[in-house]
Amino acid sequence: MDLPCPAPAAAEIDADWACARYETLRPLLPQADFPAQSTHVTDLSAVFDRYDGFILDAYGVLNVGGRAIPGAVERIAQMRAAGKAVVVLTNGASVPRRTALAKYTAWGFDFTAPEVVASRDVAAGRLAQAEPGFLWAAIAGPGAGFDDLPVPVSPLSQDASLLERADGFVFLGSDGWTAARNATLAAALAARPRPVVIANPDVISPNEAGFALEPGHFAADLPVRPEFFGKPHGPAFEAAYARMGTLPRHRIAMVGDTLHTDVLGGRAAGFGTVLIAGHGLFRGHDPARFIAASGIVPDVIAQTT
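Within each chain, residues carry numbers counting from 1 in the order of the written sequence. Given that the model is predicted, a residue must reach a pLDDT of at least 70 before its local features are reported, and side-chain atom pairs must reach 80 or more before they are shown or counted; all residues, however, enter totals for whole chains, interfaces and linings. Derived side-chain values reflect all non-hydrogen atoms in the structure, with water molecules and hydrogen atoms excluded from consideration.

Enquirer: Explain the overall build of the protein residue by residue, including any values.
Expert: Along the protein, the regular secondary structure elements total 10 helices and 16 strands. Computation of the radius of gyration draws on C-alpha atoms, with the globule rule given as 2.2 Å multiplied by the number of residues to the power 0.38. Relative to the globule expectation of 19 Å for 305 residues, the C-alpha radius of gyration of the protein, 19 Å, shows essentially globular dimensions. Dimensions along the principal axes, computed over C-alpha positions, put the protein at roughly 55 × 35 × 35 Å. The buried share of the protein, reckoned over its 305 residues, is 54%. We call two residues in contact whenever any of their non-hydrogen atoms come within 4.5 Å of each other. Put simply, of all contacts in the protein between residues at least 6 apart along the chain, 75% involve residues at least 24 apart. Only four residue types enter the charge count: Lys and Arg as positive, Asp and Glu as negative, with His and the chain ends excluded. For charged residues, the charge sits on one atom: NZ in Lys, CZ in Arg, CG in Asp, CD in Glu. Charge-centre separation for the protein: the mean point of 24 positive side chains lies 3 Å from the mean point of 31 negative side chains. Secondary structure follows DSSP: runs of H or I at least 4 residues long count as helices, runs of E at least 2 residues long count as strands, and numbering of each begins at the N terminus. Under the scheme applied here, a residue whose accessible area is under 20% of the maximum for its type counts as buried, over 50% as exposed, and between as partly exposed, the area being computed with a 1.4 Å probe on protein chains only.

Enquirer: Let's hear about the sheet that holds strand β6 (residues 116-118): which residues, and what values?
Expert: Should DSSP find at least two bridges between two strands, the strands are taken to pair. The strand order across the open sheet built from 7 strands is β1-β16-β15-β14-β2-β5-β6, with neighbouring strands paired in parallel fashion. Strands with a single pairing partner mark the edges of an open sheet, and in this sheet they are β1 (39-41) and β6. Between one strand axis and the next, the sheet turns through 25 degrees on average, direction left out of account. For strand β2 (residues 53-56) and strand β14 (residues 252-256), the ladder comprises 4 bridges, and the chain directions are parallel. Bridge pairing in β14 places Leu 56 opposite Val 255. Only the stretch in contact is used when fitting a helix axis, every axis being a line fitted to C-alpha atoms; angles between N-to-C directions are given from 0 to 180 degrees. Taken strand by strand, helix α9 (residues 259-268) contacts β14 and β15 (272-276), and its axis lies near 165 degrees from that of β15.

Enquirer: Give a detailed account of the sheet that holds strand β9 (residues 168-171), specifying residues and quantitative values.
Expert: Reading across the sheet, the 5 strands line up as β8-β7-β9-β10-β13 and stay open at both edges, with parallel pairing between neighbours. The open sheet has two free edges, formed respectively by β8 (153-155) and β13 (227-228), since each of these has just one partner strand. With 4 bridges connecting them, strand β7 (residues 136-139) and β9 associate as parallel partners. Paired with Ile 139 across the two strands is Phe 171, which belongs to β9. Against the sheet, helix α4 (residues 119-127) makes contact with β7, β8, β9, β10 (196-198) and β13, and its axis sits at roughly 160 degrees relative to β10, the strand it touches most.

Enquirer: So, the pairing of β14: which residues are in play, and what are the values?
Expert: A large share of β14 lies buried, amounting to 5 of its 5 residues. Because side chains alternate across β14, one face comprises the buried residues Ile 252, Met 254 and Gly 256, and the other comprises Ala 253 and Val 255, equally buried. Both β14 and β15 contribute to a ladder of 4 bridges, which runs parallel. Within β15, the position partnered with Gly 256 by the bridge is Leu 275.

Enquirer: Quick rundown of the nonpolar core? Include the residues and the values.
Expert: Think of a nonpolar core as a cluster: buried Ala, Val, Leu, Ile, Met, Phe, Trp, Tyr and Cys residues, connected wherever their side-chain atoms sit within 4.5 Å. By size, the foremost hydrophobic cluster in this structure holds 46 residues, and its most contacted members are Leu 185, Ile 204, Leu 259, Leu 281 and Phe 282. Excluding residues that lie within four positions of it along the chain, Phe 282 makes contacts with Ala 15, Cys 19, Asp 257, Thr 258, Leu 259, Leu 275, Ala 277, Pro 287 and Phe 290. Judged by nonpolar contacts, the second largest core, of 31 residues, contains Ala 93, Trp 136, Ala 240 and Leu 247.

Enquirer: Would you mind going over the pairing of β7 in detail, with residue names and values included?
Expert: Side-chain alternation along β7 places Trp 136 and Ala 138 on one buried face and Ala 137 and Ile 139 on a second face that is also buried. The pairing of β7 with β8 spans 3 bridges and is classified as parallel. Note that in β8 the partner of Ala 137 across the bridge is Ser 154.

Enquirer: Give a description of unusual backbone geometry that names residues and reports values.
Expert: Residue Pro 232 is reached from Lys 231 by a cis peptide bond, and omega for that bond is 10 degrees. Tracing the backbone through its elements, the reader meets Pro 232 in the loop between β13 and α8 (234-241).

Enquirer: Talk me through the environment of Arg 97; I want residue IDs and the actual numbers.
Expert: Relative to the helices and strands, Arg 97 resides in helix α3 (residues 97-106). Counting along the chain gives 47 residues from Arg 97 to Ala 144, while the straight-line C-alpha distance between them is 13 Å.

Structure below.
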């Protein structure tokens, strides 16, 4: 692969940088058709007659950083009262799904375990396909646990020799990961190509302070083609669709805050799409110019959940 992009300083990470970075990655992303223009609404209640099921991103839709978005808990309750199917589809792969579910519960959401689909779990299915004795090295934040994964995984941060010894790598989180460490991994893969599983293809994620780089940014600079298992790639959406019962795809909306993951991936999977513009990536921006530049057009644009 030949898509180098140096990691920016934290102050340089914004919606313009993120969308430009995603555009350099378009050869790695799925293709989809889009509507000619979007319908604009205030919140999701305005499209209850249009969709019978909602697949919800977490960051920028349910929460930003460590707090729920105002009104989001009430909106999910309204969906349930209206008989809508609800599933959370998150690219957050740094912690087990049970930890994410506990956070949602603490914020007041009533999601059940089957209603939360984490890309970490989708990627875990790929890990389990390796032959017995396959040595997976994990890129994850400090103190990360792996007891929920179906095969043994060793943290790369605790054993540098895994750069040479590991049979494959799984990228779960980028907390503490740097451009220099990524270059070291790239050199090891250039010397001996091996599988690289990306459980979080996001380039950035929003938090209260701004944005943080995610595994998708670093993965694209590796000399092997990574295997992606989160949005916008198909396996994550198929896992979410499996929780939707018998609903036809066109009656399901993927709701998210990004064009290149939520909207592109949702349309590629055959779903309707709703872009939440007031939180997450486009907070404080008019998304129109990003839509024009990318050609990724949501079916609906809502200001808030």
